[in-house]
Amino acid sequence: MDLGENIDYKVAVVQAAPVFLDLDASITKAIVLIEEAAKKGAKLIAFGETWLPGYPWWIWLGAPIHSMKFVRKYYENSLQVGSEQFLRLCSAARKNNIFVACGFSEKEGGSLYISQMLIGDDGELINTRRKLKPTHVERSVFGSGDGSGLVVQDTSLGKIGSLACWEHLQPLSKYALYAQNEQLHFAAWPSFSVYAEKANAFTPQVSINISQIYALEGSCFVMAPNTMVSQEIQDLLCDNDFQRELLTVGGGYAKIFSPDGVSLGQDIPPTEEGII
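First, a word on scope: everything that follows refers to the structure included in this document. These figures come from a predicted structure and were not determined experimentally.

## Brief notes about helix α2 (residues 64-76)
The end-to-end C-alpha separation of α2 is 19 Å, in line with the 18 Å expected for 13 residues at 1.5 Å each. Maximal helix bending in α2 amounts to about 45°, located at F70. Among the residues making up α2, those that are buried are H66, S67, F70 and Y74. Residues of α2 that are buried make contact with β3 (99-108), β4 (111-119), α6 (231-237) and α7 (241-246).

What follows is the structure, given as structure tokens:
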């Protein structure tokens with residue numbers, strides 16, 4: 001799209017938990033949300049970091065041995081590009097005439113990656129990218145991406161780029177997208193509920209500010225969806241009160257920011273699911 005061309009459209013930013021560790025059920029839930037957004041006139045819907053099949057919260061809750069019981073199931077329920085499950089999302093985008101931006105755990109060979117996809121309203125895959133460097137203990141689950149994913153896509157909705165979570169703290173990654181005249185940015189985040197009361201860098205306000213600053217620095221719109229923690233997720237992963245203090249239910253602070261940093265749309269309470 002020409003940078004000088006002005007168009008108006010509605011985007012939908014998801015604040016919700018997936019059906020944790022169940023890829024097929026999570027895709028079904030995603031399709032329900034896609035249909036809801038399309039009925040309300042949205043031209044694009046965005047889901048948070050590793051929304052499929054959920055963020056591996058157990059890596060923050062204890063020694064590596066604590067997580068071994070989840071590793072196989074997480075691998076089996078991660079999404080392979082081009083698979084039957086992947087094509088279900090492409091079909092939903094086409095049937096509902098809507099772009100779909102979604103964070104997912106990508107499975108290729110024996111490795112997993114924190115990835116983001118962008119599917120066009122015609123159901124065709126526009127792009128997938130991998131997080132360059134997983135953050136801290138994420139490296140016990142996910143491999144590293146490469147610079148080939150730092151590409152802004154020219155679409156009928158404008159020039160769209162994407163980064164995941166704390167990639168938004170990496171100046172050169174941000175500059176790579178700014179330099180390509182990014183107009184709409186997909187900022188995929190997990191829930192802001194891990195360590196939120198234990199470490200200031202993990203507080204919701206810090207992460208929200210990071211998305212807002214990106215909008216100001218890049219002079220672009222920012223969609224910042226959240227992958228929430230449900231009560232079911234906490235019950236599955238937390239064995240004691242200490243772990244429940246580390247991983248609280250909710251953490252939904254999905255936002256949309258304009259290029260001047262203004263928050264757009266109606267906020268949703270952090271323990272409630274919905275669409276902005």
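What follows continues from the structure just given.
## Description of the layout of surface pockets
When its volume is computed, the largest pocket comes out at roughly 460 Å³. Elements represented by at least two residues in the lining of the largest pocket include exactly β1 (10-16) and β9 (221-224). Among the elements that take part in the lining of the largest pocket, β9 stands out by supplying 3 residues, more than any other. Tallied by class, the residues present in the lining of the largest pocket amount to 14 nonpolar, 4 polar and 3 charged. What the second largest pocket holds in volume is close to 260 Å³. Here the lining of the second largest pocket gets 6 residues from one element, more than from any other, and that element is α2. Its residues assigned to classes, the lining of the second largest pocket comprises 11 nonpolar, 3 polar and no charged.

## Examining the packing of helix α4 (residues 171-178) against helix α5 (residues 204-218)
In contact at an axis separation of 11 Å, α4 and α5 are set at 45° when each is read in the N-to-C sense. Comparing their axes, α5 and α4 come out oblique. Viewed along their axes, α4 and α5 form a crossing whose handedness is right-handed. Where α4 abuts α5, its residues K174, L177 and Y178 lie against Y214, E217 and G218. Looking at side-chain class alone, the contact of α4 with α5 contains 3 nonpolar, 1 polar and 2 charged residues.

## Here's the deal with the pattern of salt bridges
A full pass over the atoms with the stated rule returns 14 salt bridges. Through salt bridges that share partners, E49, K131 and E138 make up one connected network.

## What about empty space enclosed by the protein?
In the structure shown here, the tally under the stated rule is 3 cavities of 30 Å³ or more. Taken together, 16 residues line the largest cavity, and the ones lying closest to its centre are C165, W166, P190, V194 and F202. Residue composition of the lining of the largest cavity, by class: 11 nonpolar, 4 polar and 1 charged. One number sums up the size of the second largest cavity: a volume of about 100 Å³.

Reading the values: rules and limits
- Residues numbered from 1 in each chain as written.
- Predicted model: local features only at pLDDT ≥ 70, side-chain atom pairs only at ≥ 80, totals over all residues.
- Heavy atoms only, no water.
- Helix = DSSP H or I, 4+ residues; strand = E, 2+ residues; numbered from the N terminus.
- Expected span 1.5 Å × (residues − 1).
- Bend = angle between axes of the 7 residues up to and from the residue.
- Buried < 20%, exposed > 50% of the residue type's maximum accessible area, 1.4 Å probe, protein only.
- Contact = heavy atoms within 4.5 Å.
- 1 Å grid on protein atoms, 1.4 Å probe; cavity = no way out; pocket = protein on both sides within 12 Å on 5 of 7 lines; lining within 4 Å.
- Points joined across faces, edges and corners; volume = space filled by probe spheres on them.
- Nonpolar A, V, L, I, M, F, W, Y, C, P; charged D, E, K, R; others polar.
- Axes fitted to C-alpha atoms, helices over the stretch in contact; angles between N-to-C directions.
- Parallel < 35°, antiparallel > 145°, perpendicular 65-115°, else oblique.
- Left-handed = near helix turned anticlockwise from the far one by under 90°.
- Salt bridge = Lys/Arg side-chain N within 4 Å of Asp/Glu carboxyl O.

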